[in-house]
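# Residue-level structural notes
For reference, the chains in residue letters:
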Amino acid sequence: MPIKHVAIVGAGIGGLAAALAIRQAGLSVSVYDQASRLEPLGASLTLWPNAMRCLRALGVAEPLLRAGARILSTEARSLRGEMLACVPMQRFYDEAGEPGICVTRADVQRVLLDALGAEHVTLSRRLESLSQDAGGVALRFRDGAEARADLLIGADGLRSTVRRLLFDDGPPRYAGYGAWLGLSAIDHPRLARESAVEVYGAGERLGVIDSGGGLYYWYFIENRAQPVDGVVHCTSGSLLPRLVDWPDYARQLAMSTRARSLQYLSFFHRSARRGPWGQDRALLLGDAIHPYLPNLGQGACQAIEDAHVLGIMLAQGLEDQSLLTRYQSARARRTAMLGRDSVRLGRFAQVGGPTSSRLRDLALRSVPDWVHARRTRQQFGIGETR
Ligand SMILES: Cc1cc2nc3c(=O)[nH]c(=O)nc-3n(C[C@H](O)[C@H](O)[C@H](O)COP(=O)(O)OP(=O)(O)OC[C@H]3O[C@@H](n4cnc5c(N)ncnc54)[C@H](O)[C@@H]3O)c2cc1C
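Residues numbered from 1 in each chain as written. Predicted model: local features only at pLDDT ≥ 70, side-chain atom pairs only at ≥ 80, totals over all residues. Heavy atoms only, no water.

### Description of the nonpolar core
Counting 95 residues, the largest nonpolar core has V6, I8, L47, L139, L152 and L323 as the members making the most contacts within it. Setting aside chain neighbours within four positions, we find L47 in contact with M52, L55, L64, P99, G100, I101, V103, V108, C301 and I304. Formed by 20 residues, the second largest nonpolar core is a distinct cluster that contains I186, L206, C234 and L239. (Core = buried A, V, L, I, M, F, W, Y, C linked by side-chain atoms within 4.5 Å. Buried < 20%, exposed > 50% of the residue type's maximum accessible area, 1.4 Å probe, protein only. Contact = heavy atoms within 4.5 Å.)

Next up, the structure:
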């Protein structure tokens, strides 16, 4: 039976991008989300050239470029202020044909939703169960509502219900660290526009990225034995005592962030799934299938790549087993490689203790430029055929 109507569970970045790609493929789509309002969790996102290429194909690159800021260099510094690594980005953008940007999550959501049309999204629909038969997929929601589709895409994030219903393969793992994050409009002589900087401490890391519109996106990552549940809205009071040894702009960033937008969350991930990425007419996408630690800034980028690839395959009329097999084989290797790199980078960056962190700084300073260049090209998918 040909696929004409697709249901997507989850209206996050992956779900909305998939919905756009499916509409572009000429199919109809309904997106369901448990939230009563689509509120962006977290502050901003880096969208690297690999994601921008897909977003351009989906027709939304220009408004995102207008809303965000280009990232022309990425830097790592020690807490003592030494430069540990500096990667100018323009040559990679030239090779990729797209820039990398940082943009608020609220803007990404707005741009995707405007392009899709809000009428395709139904809120307050929490998926509770699903079943499959010869006619397609039947969905049942907590409020008693039901829906049918020829194909279901589970884009329901880190703790995906669709994944649990299909595979029940356990919860994601806590990484041992988490972050405060926020958006701030300060001006400071040591903060540059169009750049991303990470300052490495011992078991702690501060990141500051120009997010466009006069805003800096910042995060302070800290090792912590036990995870905190969900996203906690907090005030700078809980963070400031931890920032006494950090550059003064760290405290200014924290203090100038509005209380409601200052959040703390713990980081979780999963190893790459060895088994299938779906079953019959139900597939997984984005964090539901490959949740990353946010060390490379590639989680949403990979969800967008998934969406783009699926859209192309649906436009080609693929269905059932051939769709699942082709989708998974197009995506599994790359997403697994980036997932592993992100875990390794986190382990390296979050090293605790004065001696280990000094050794880490020395090691990072001695990484040759060609290694940074090779990793950057891999992440951006430069030189890969799709
Ligand atoms: C601190 C931090 C910083 C990050 N920075 C970056 C970055 O700079 N660049 C980048 O590319 N990535 C980044 N990421 C990763 C990125 O946020 C995720 O990879 C991305 O948001 C995943 O999108 P998604 O659509 O798969 O899932 P989500 O965005 O989690 O969306 C899932 C949606 O499903 C809904 N849902 C869940 N369960 C149900 C249900 N049962 N029924 C109905 N709806 C349901 C939820 O309400 C939600 O709206 C970062 C992540 C974190 C935590």
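So, next bit.
### Observations regarding empty space enclosed by the protein
A full pass over the atoms with the stated rule returns 1 cavity of 30 Å³ or more. In this structure, the largest cavity spans a volume of roughly 30 Å³. Considered class by class, the residues forming the lining of the largest cavity number 5 nonpolar, 1 polar and no charged. (1 Å grid on protein atoms, 1.4 Å probe; cavity = no way out; pocket = protein on both sides within 12 Å on 5 of 7 lines; lining within 4 Å. Points joined across faces, edges and corners; volume = space filled by probe spheres on them. Nonpolar A, V, L, I, M, F, W, Y, C, P; charged D, E, K, R; others polar.)

### Remarks on the packing of helix α1 (residues 13–24) against helix α5 (residues 105–116)
Between α1 and α5, the least distance of the axes is 10 Å, while the angle of their chain directions is 25 degrees. One way to sum up the angle between α1 and α5 is to call them roughly parallel. Two packed elements cross with a definite hand, and for α1 against α5 that hand is left-handed. The segment α1 lies against α5, with I13, L16, A17, A19, L20 and R23 engaging V108, Q109, L112, L113, A115 and L116. Residues belonging to the contact of α1 with α5 are distributed by class as follows: 10 nonpolar, 1 polar and 1 charged. (Axes fitted to C-alpha atoms, helices over the stretch in contact; angles between N-to-C directions. Helix = DSSP H or I, 4+ residues; strand = E, 2+ residues; numbered from the N terminus. Parallel < 35°, antiparallel > 145°, perpendicular 65-115°, else oblique. Left-handed = near helix turned anticlockwise from the far one by under 90°.)

### Things to note about the state of the cysteines
Inspection of the entire model under this criterion finds 0 disulfides. Here C234 is not cross-linked by a disulfide; its sulfur's nearest cysteine counterpart is in C102, at 19 Å. Given a relative accessible area of 13%, C234 falls into the buried group. (Disulfide = S-S within 2.5 Å.)

### Some thoughts on the site of the ligand
Near the ligand lie 30 residues; those nearest to it are G14, D33, T46, R105 and D287. Within the backbone of L127, an N or O atom sits 2.9 Å from a nitrogen atom of the ligand. C301 is positioned with one of its backbone polar atoms (N or O) 3.0 Å from an oxygen atom of the ligand. When the ligand sits alone it has 1000 Å² of accessible area, and the protein chains cover 84% of it. Looking at the shell around the ligand, the elements that each hand over two or more residues are α1, β3 (44–47), β18 (263–269) and α8 (299–315). (Near = heavy atom within 4 Å. Polar contact = N/O pair within 3.5 Å; in protein donor to acceptor, adjacent residues only side chain to side chain. Areas by Shrake-Rupley, 256 points an atom, 1.4 Å probe, with all protein chains shown as cover.)

### A short note on the pattern of salt bridges
Considering all chains together, one arrives at 25 salt bridges under this definition. Of the charged contacts in the structure, one is a salt bridge between E75 and R77, with a shortest N-O distance of 3.1 Å. The exposure class assigned to E75 is buried, which follows from its relative accessible area of 18%. Ionic pairing is found between E305 and R331, a salt bridge with its closest N-O pair at 2.8 Å. Residue E305 is found in helix α8, and its partner R331 is found in helix α9 (residues 320–349); the two are separated by 26 residues along the sequence. (Salt bridge = Lys/Arg side-chain N within 4 Å of Asp/Glu carboxyl O.)

### Examining the environment of P40
Relative to the assigned elements, P40 resides in the loop between β2 (28–32) and β3. Exposure remark for P40: the relative accessible area of 30% places this residue in the partly exposed category. Measuring from C-alpha to C-alpha, the distance between P40 and V108 comes to 9.1 Å, with 68 residues separating the pair along the chain. Once you skip the residues sitting within four places of it in the chain, P40 turns out to touch R105, A106 and Q109.

### A short note on the side chain of S44
Mapped onto the fold, S44 is located in strand β3. Here S211 takes part through its side chain, which lies 2.7 Å from a polar atom of the side chain of S44. Setting aside residues no more than four positions away along its own chain, S44 makes contact with C102, V103, T104, R105, L183, S211 and Y217.

### Things to note about the pairing of strand β16 (residues 215–223)
The element β16 is largely enclosed, with a buried count of 7 among its 9 residues. The pairing of strand β13 (residues 173–184) with β16 spans 8 bridges and is classified as antiparallel. Looking across to β16, one finds that G182 is bridged to W218. Here strand β15 (residues 204–212) pairs with β16 via 8 bridges, running antiparallel. Opposite V208, over in β16, you have W218 as the bridge partner. Between β15 and β16, which follow one another and run antiparallel, lie 2 residues, and G213 among them has a positive phi close to 60 degrees. (Pairing = 2+ DSSP bridges.)

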